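Overview (structure and organization)
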Amino acid sequence: MNPLSQETCTPCRRGAVGLTPAEVAALLPQLPRWDHIEIEGIPQLQRRFPFKTYLQGLKFVHQVAHLAEENHHHPVLVLEWAQVTVRWWTHTLGGLHRNDFILAARCDDLYREFLRPHFV
Ligand SMILES: C[C@H](O)[C@H](O)[C@H]1CNC2=NC(N)=NC(=O)C2=N1
């Protein structure tokens, strides 16, 4: 279990300060399957999760949506055939906050549950 996923998100108030590039660089190794990308000048965390079926992907999207609601922090979710793409960033900062890393780690935990064989 990634220690990041054990942390609690902090409310990100307007005027909050985002992570410095050094802080982002220090956190990225804890999310080895996530890409640090930039879209329209906004740094984000992105991971593609493969699934056997479209409906399995939808189930994962549903779980991530509930995680987002519980934490008042919402990702971009792209549901495609056999894959779900998740992108985290903090809108109020236009950049990355520790919350983005925490919730990315939580997504990894949810996905790991999908991969665990469910014995009948
Ligand atoms: C009021 C509400 O909690 C805020 O607008 C939340 C909603 N979800 C959010 N999600 C993300 N990713 N970034 C935000 O800044 C954000 N703000």
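Provided above is the structure to which this section pertains.
Residues numbered from 1 in each chain as written. Predicted model: local features only at pLDDT ≥ 70, side-chain atom pairs only at ≥ 80, totals over all residues. Heavy atoms only, no water.

Along the backbone of the protein chain there are 4 helices and 4 strands. Element order for the protein chain, N to C, with α for helix and β for strand: α-α-β-β-α-β-β-α. Here the protein chain has a C-alpha radius of gyration of 14 Å; the compact-globule value for 120 residues is 14 Å, and the two agree. Principal axes of the C-alpha set define a box for the protein chain whose edges measure 50 × 30 × 25 Å. Summarising the internal contacts of the protein chain: among those between residues at least 6 apart in sequence, 68% fall at separations of at least 24. Here the protein chain contributes 12 positively and 12 negatively charged side chains, and the mean placements of these two sets differ by 5 Å. (Helix = DSSP H or I, 4+ residues; strand = E, 2+ residues; numbered from the N terminus. Rg over C-alpha atoms; globule rule 2.2 N^0.38 Å. Contact = heavy atoms within 4.5 Å. Lys, Arg positive; Asp, Glu negative; His and termini not counted. Charge placed at Lys NZ, Arg CZ, Asp CG, Glu CD.)

With that settled, consider the nonpolar core. Membership of the largest hydrophobic core comes to 26 residues, with the highest contact counts inside it found for W34, F60 and W88. Only α2 (21-27), β2 (42-50), α3 (54-71), β4 (83-88) and α4 (98-115) provide two or more residues apiece to this core. Among the elements that make up this core, the one with the highest residue count is α4 (8 residues). (Core = buried A, V, L, I, M, F, W, Y, C linked by side-chain atoms within 4.5 Å. Buried < 20%, exposed > 50% of the residue type's maximum accessible area, 1.4 Å probe, protein only.)

Looking now at unusual backbone geometry. Here E40, not a glycine, exhibits a phi torsion of approximately 50°, which is positive. Along the chain, the position of E40 falls in the loop between β1 (35-39) and β2. Unlike most non-glycine residues, A82 shows phi in positive territory, near 70°. Position of A82 among the secondary structure elements: in the loop between β3 (76-80) and β4.

Taken together, H72, H73, H74, W89, T90, H91 and T92 are the residues near the ligand. In the model, a nitrogen atom of the ligand is placed 2.7 Å from a nitrogen or oxygen of the W89 main chain. At a separation of 3.0 Å, a nitrogen atom of the ligand approaches a polar backbone atom of H91. Burial of the ligand by the protein chains amounts to 60% of its free accessible area of 400 Å². (Near = heavy atom within 4 Å. Polar contact = N/O pair within 3.5 Å; in protein donor to acceptor, adjacent residues only side chain to side chain. Areas by Shrake-Rupley, 256 points an atom, 1.4 Å probe, with all protein chains shown as cover.)

The buried count for β4 comes to 5 of 6 residues, which makes it a mostly enclosed element. Where β2 and β4 come together, 6 bridges link them in antiparallel fashion. Each bridged residue has a counterpart across the sheet, and for R48 the counterpart in β4 is T85. Where β3 meets β4, 5 bridges bridge the pair, whose relative direction is antiparallel. From the neighbouring strand, V78 faces β4, where its bridge partner is T85. (Pairing = 2+ DSSP bridges.)

Don't take any of this as a statement about function, it's just geometry.
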